[in-house]
Amino acid sequence: AQTVTQSQPEMSVQEAETVTLSCTYDTSESNYYLFWYKQPPSRQMILVIRQEAYKQQNATENRFSVNFQKAAKSFSLKISDSQLGDTAMYFCAFTTYSGAGSYQLTFGKGTKLSVIP
Amino acid sequence: EAQVTQNPRYLITVTGKKLTVTCSQNMNHEYMSWYRQDPGLGLRQIYYSMNVEVTDKGDVPEGYKVSRKEKRNFPLILESPSPNQTSLYFCASSPATRTEETQYFGPGTRLLVL
């Protein structure tokens, strides 16, 4: 069974500072994909960043970057220069592609991030 | 504009009254899925569909039905809703290829079953 664990239910950060959200996962598959989704108060699910497990280079998207440690099954999200608009629930998610029709996205329980002015 | 749409966005109903939540995508995606989100539990998959006429159960399928008669539509059916199905529901779609796995989400449907 695939599992995703986010150990920090809530976090806060001062505006303009850097914060790191942690995520660990468990799978026996070798080919998989990892995502961070953001859910602001509007409840919309917004893709922040994605990482293919076969790529060793960590993904970056503007102020967002990941630290992907495949051996440790760890996938943390770093937000630099935090902005008030970053206040949201952040979900780590994970999927595999079997090619045989089984394709399931498994989510962690989320980390609520508050950016303080 | 590429998007996933859901209707209705908000729904209040009573126990046992059948309801359907529609989901439509205009991106020609093969894969579609339904999730429910509950406080402290994250998102859990209800059903998914790899392509037309092919559906399969996710983690929490009890009490729900789906159908995929057309590529773009994937309605979620609650034949006899119960209060424990009060939740926030998301539909999602994806190309589901080896190079593009990202799931794109609809705006959500908030359901209250009295």
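Rules of the game
- Residues numbered from 1 in each chain as written.
- Chains lettered and ligands numbered in written order.
- Predicted model: local features only at pLDDT ≥ 70, side-chain atom pairs only at ≥ 80, totals over all residues.
- Heavy atoms only, no water.
- Helix = DSSP H or I, 4+ residues; strand = E, 2+ residues; numbered from the N terminus.
- Disulfide = S-S within 2.5 Å.

Engineer: Would you mind showing me how to read unusual backbone geometry here?
Structural biologist: Peptide bonds are mostly trans, and most non-glycine residues show a negative phi. Geometrically, the link from Asn7 of chain B to Pro8 of chain B is a cis peptide bond, its omega value of -5° lying close to zero. With respect to the helices and strands, the residue Pro8 of chain B is situated in the loop between strand 1 (4-7) and strand 2 (10-13). Non-glycine residue Ala16 of chain A carries a positive phi angle of around 80°. Within the fold, Ala16 of chain A resides in the loop between strand 2 (10-14) and strand 3 (19-21). If you check the backbone angles, Glu53 of chain B has positive phi at about 70° while not being a glycine. Checked against the element boundaries, Glu53 of chain B lands in the loop between strand 5 (42-51) and strand 6 (54-57).

Engineer: What is the right way to look at the state of the cysteines in this model?
Structural biologist: Disulfide: a covalent bond connecting the sulfur atoms of a pair of cysteines. In the structure shown here, the tally under the stated rule is two disulfides over all chains. For Cys23 of chain A, the disulfide goes to Cys92 of chain A, at an S-S distance of 2.0 Å. Its S-S torsion of approximately -70° makes the covalent link between Cys23 of chain A and Cys92 of chain A left-handed. Of this pair, Cys23 of chain A sits in the loop between strand 3 and strand 4 (24-26) while Cys92 of chain A sits in strand 10 (residues 88-96); the two residues are 69 residues apart in sequence, bridging distant segments of the chain. At a sulfur-sulfur separation of 1.8 Å, the disulfide partner of Cys23 of chain B is Cys91 of chain B.

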